[in-house]
Each structure stands twice: as C-alpha cells, then as structure tokens.
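Tertiary structure, described
Now for the letters of each chain:
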Amino acid sequence: TITFHWATNYGAVLQAYALQMFLKQSGFDTEIINYLPFQNIALRKINWIRMRDFDAIKKERAIQRFREENLTVSAYKYRSYKVLCSAVDRYSAILSGSDQVMNFSFLQHAERWRMTPSYYLSFAGKETRKIAYAASFGTDKIPDAYADFVKKELTSFSWVSVREKSAYTMLKDIGIDSEIVVDPTMLVEKEVYEPFIGRESVKRIGAFSYILHKNQVDAQRCESKIFKMFGEKQTAAGDYSVENWLRNIRCSAFVITNSFHATVFALLFHTPFITVSVGGSNMDNRLLTLLNMVGLEDRFV
C-alpha cells in the first residue's frame, strides 16, 4: 500500500495501520511503501522551526514512535517519484489509499520540479494490479487542467473506490466507475484498537474537543457550550501520543470535533458527539457521507 503514513496526523497513521491489519487478517503479505516526499516533509519541518511550533515537533515525535512500533513499511525509503519508479517490479498489486492521496494540491506541490503522480501509481509495472481504496480528492471538483490526467491514470486501475459521494460523482462525470466504501479504520473491529487504550473499565468524564484548522469560530462557539454542559476533559498535558488521542475519545462523556477520523472513532467507541462544519473549506462532504451512512445526520452542525 502507499498512503500518507508519514503525515503528522492521528487519522492518517491510524488509517494506514487499520488497512494493514485488515489485509493481514485477510491473508495477504503486505507492507507500506515507505514513500517520503522530501520537499513536502522538509518544508513542513522548516516551517515548524521558523514558527517555533514545538507542539507540532513533539506530536511528530510521538506519532513516529507509533509508526516504528506498529507499521510494517518497506526497508527502502523512497524520497521522490523518480526513485519510486525503482519499486516497479516488487509487488503483484499496489493499493493507493486511503486519505487524500489524490489531492490536486499535493499532486502539484509535493516535489519541486514536476507534478507528482505517485499516488496515481504511475510508477507501477504493466503486470501490477493497481487499486484505489477509499481515496479522497479533498475537493468536489476536478480542475479542468487535470481531468484528462485523472481519467488516463485511473482507467488503468483494476478497481477504484472512494470515501465520499462528491468523489464518486466527479469520477462518473469523466467516465470512471467507482464505489463508495468505508474508511479503513472501520474495516476492523474496535477491539483492534483496545491494546492502545487499555481494557480496564473507565468512567466517561468530561467533554473532549479536537478541532483542526485555525479560525474555526463556529466550532469554538459550540465547544464553549459543550464544556459548560459536560465540563472540559482534563487531558494528559504534553502527551501527544496516538494512544492518548484514542483514549481521550474512548473515555470522554462527549466529543466535539470537525475531524473526520475523530468522528469515526467516536462512532466506533459509541461516544456521544457532534461534528462541526470545517469553516473556510470544502471538506465537509466526507463527514456528511459518513454520517448519512449511519443515519446520524443530526449530529452535524
């Protein structure tokens, strides 16, 4: 598989872990292609240092520990698309996804001198089966400049699946058949995550807030009201681990979030929640698709 396992994001690393577990449980010999787009990762770290964002640095260290302990990755690190082409004959099948692997912004800017078709599996050999699982574009419209490219690349896939209705419609409009599927984190039973949380009975206390992106005014207003009702959950200060993040969702009386994966885990752990629209973006379709699937549209604010 090839995905955003390198992202400093709880959902990104957990969906990579869950898909890996599902494939292993299904009897496949699998590993994550350790593609680490150098420019994207380097610029991100430089920006953390320049902005003195020490929380982001600590979070990355905590997530890296989770990767090292729980993900099976290729021994070789592929720092660019050009080097990635050397993996062409190593696999009988390559699966791209999940997450926003087909995001056009990433396609344009991940590597310095050229468009980066890595997650469209342009590097795969003619005999290699190409699959997209729960892929996301991060937008509800394919830019005209990329329509021909997307159609050409995805036509060679054995199977294309996406995780939001907008992606299904976009692809249908350019003649590509796809299916809507669940995120990999929902392919495995919730017991798979229990070793990270602890099996002991824990009383649910307080409200846990996980809000992504800046200037989320609506989310902050909702957060204030929820904290008055349930009390703010006292989280372990300075603990940026994946395990603590999961524990906060599992052991809270209520969750407020604008995060897709925080919503997923609230569902899996049966934690009452509301999901707030992401202000200033067009990223709500995947949230609405998920909540429609389970009949909980009224949890969307």
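Scroll up to find the structure this text is about.
Numbers given for residues are sequential positions, taken from 1 along each chain in its written order. Note on the predicted model: pLDDT of at least 70 is required for a residue's local features to be given, and 80 or more for side-chain atom pairs to be given and counted; whole-chain, interface and lining totals, by contrast, use all residues. Values shown for side chains rest on all heavy atoms present in the structure; no hydrogens or waters enter the calculation.

In this scheme, a residue with accessible area under 20% of its type's maximum is buried, one over 50% is exposed, and one in between is partly exposed, where area comes from a 1.4 Å probe on protein chains only. Helix and strand assignments follow DSSP, with helices taken as H or I runs no shorter than four residues and strands as E runs no shorter than two, numbered in order from the N terminus. Most of helix 10 (residues 242-250) is tucked away: seven of the nine residues are buried. Considered for burial, the residues of helix 10 that qualify are Val242, Glu243, Asn244, Trp245, Leu246, Asn248 and Ile249.

Further remarks concern the pattern of salt bridges. The salt bridge criterion pairs a side-chain nitrogen of Lys or Arg with a carboxyl oxygen of Asp or Glu, the two atoms within 4 Å. The tally for this structure, following the rule as stated, stands at nine salt bridges. A salt bridge links glutamate 243 to arginine 65, with the shortest nitrogen-to-oxygen separation between them at 2.9 Å. Of this pair, glutamate 243 sits in helix 10 while arginine 65 sits in helix 3 (residues 54-70), and the two are 178 residues apart along the sequence. Under the relative-accessibility criterion, arginine 65 is labelled partly exposed at 30%.

Turning our attention to helix 12 (residues 285-293). Arg286, Leu287, Thr289, Leu290 and Leu291 are the residues of helix 12 that are buried. We call two residues contacting when some pair of their heavy atoms lies within 4.5 Å. Those residues of helix 12 hidden inside the fold are in contact with helix 7 (165-173), strand 4 (179-180), helix 11 (260-268) and strand 7 (273-275).

We now examine the sheet that holds strand 6 (residues 254-257). Whether two strands pair depends on DSSP finding at least two bridges between them. Within the open sheet, the three strands sit side by side as 5-6-7. Their pairing is parallel. Two strands lie at the open edges of the sheet, namely strand 5 (207-210) and strand 7, each paired on one side alone. Neighbour-to-neighbour, the strand axes of the sheet open up by a mean angle of 10 degrees, direction not taken into account. Inspection of the sheet shows strand 6 paired to strand 7 by three bridges, in the parallel sense. Note on strand 7: the bridge partner recorded for isoleucine 256 is isoleucine 274. Between N-to-C directions, angles span 0 to 180 degrees; the directions come from axes that are lines fitted to C-alpha atoms, helices contributing only their stretch in contact.

What follows deals with the packing of helix 11 against helix 12. For the pair helix 11 and helix 12, the least separation of the axes is 10 Å and the interaxial angle reads 15 degrees. Taken together, the axes of helix 11 and helix 12 are roughly parallel relative to one another. When the axes of helix 11 and helix 12 are compared, the crossing they make is right-handed. Between helix 11, through Phe260, Thr263, Val264 and Leu267, and helix 12, the contact on the second element is made entirely by Arg286, Leu287, Leu290 and Leu291. When its residues are assigned to classes, the contact of helix 11 with helix 12 shows six nonpolar, one polar and one charged. Comment on the angle field: the value is read as roughly parallel under 35 degrees, roughly antiparallel over 145, roughly perpendicular from 65 to 115, and oblique elsewhere. Note on convention: the crossing is left-handed when the near helix lies turned anticlockwise from the far helix by less than a right angle, right-handed when the turn is clockwise. Polar here means any residue outside two lists: the nonpolar Ala, Val, Leu, Ile, Met, Phe, Trp, Tyr, Cys and Pro, and the charged Asp, Glu, Lys and Arg; Gly therefore counts as polar.

Each patch is built from residues that are more than 30% exposed by relative accessible area and take part in no salt bridge. Like charges join if they lie within 9 Å; nonpolar side chains (Val, Leu, Ile, Met, Phe, Trp, Tyr) join within 5 Å. Reported accessibility uses the Shrake-Rupley method at a 1.4 Å probe radius. Residues are deemed covered only where the shown protein chains occlude them. Among the surface-exposed residues, Tyr168, Ile180, Val182, Met293 and Val294 lie close enough to one another that they form a single nonpolar patch of about 360 Å² accessible area. Looking at the element boundaries, valine 294 is found in the segment after helix 12.

What follows covers the nonpolar core. Formed by 43 residues in total, the largest nonpolar core has its most connected members in Phe137, Val150, Leu154 and Leu171. For this core, the secondary structure elements donating two or more residues are helix 4 (81-84), helix 5 (104-109), strand 2 (129-135), helix 6 (144-155), strand 3 (159-162) and helix 7. Of the residues forming this core, the biggest block, five residues, is contributed by helix 6. In terms of nonpolar packing, the next biggest core, distinct from the first, is built from 34 residues, Tyr10, Ile249, Phe265 and Leu268 among them. Here, nonpolar core refers to any group of buried Ala, Val, Leu, Ile, Met, Phe, Trp, Tyr and Cys residues whose side-chain atoms link them within 4.5 Å.

A few words on the environment of leucine 121. Inspection of the secondary structure puts leucine 121 in the loop between helix 5 and strand 2. Judged by its relative accessible area of 0%, leucine 121 is buried. When the C-alpha positions of leucine 121 and tyrosine 81 are compared, they lie 9.9 Å apart, and in sequence the two are 40 residues distant.

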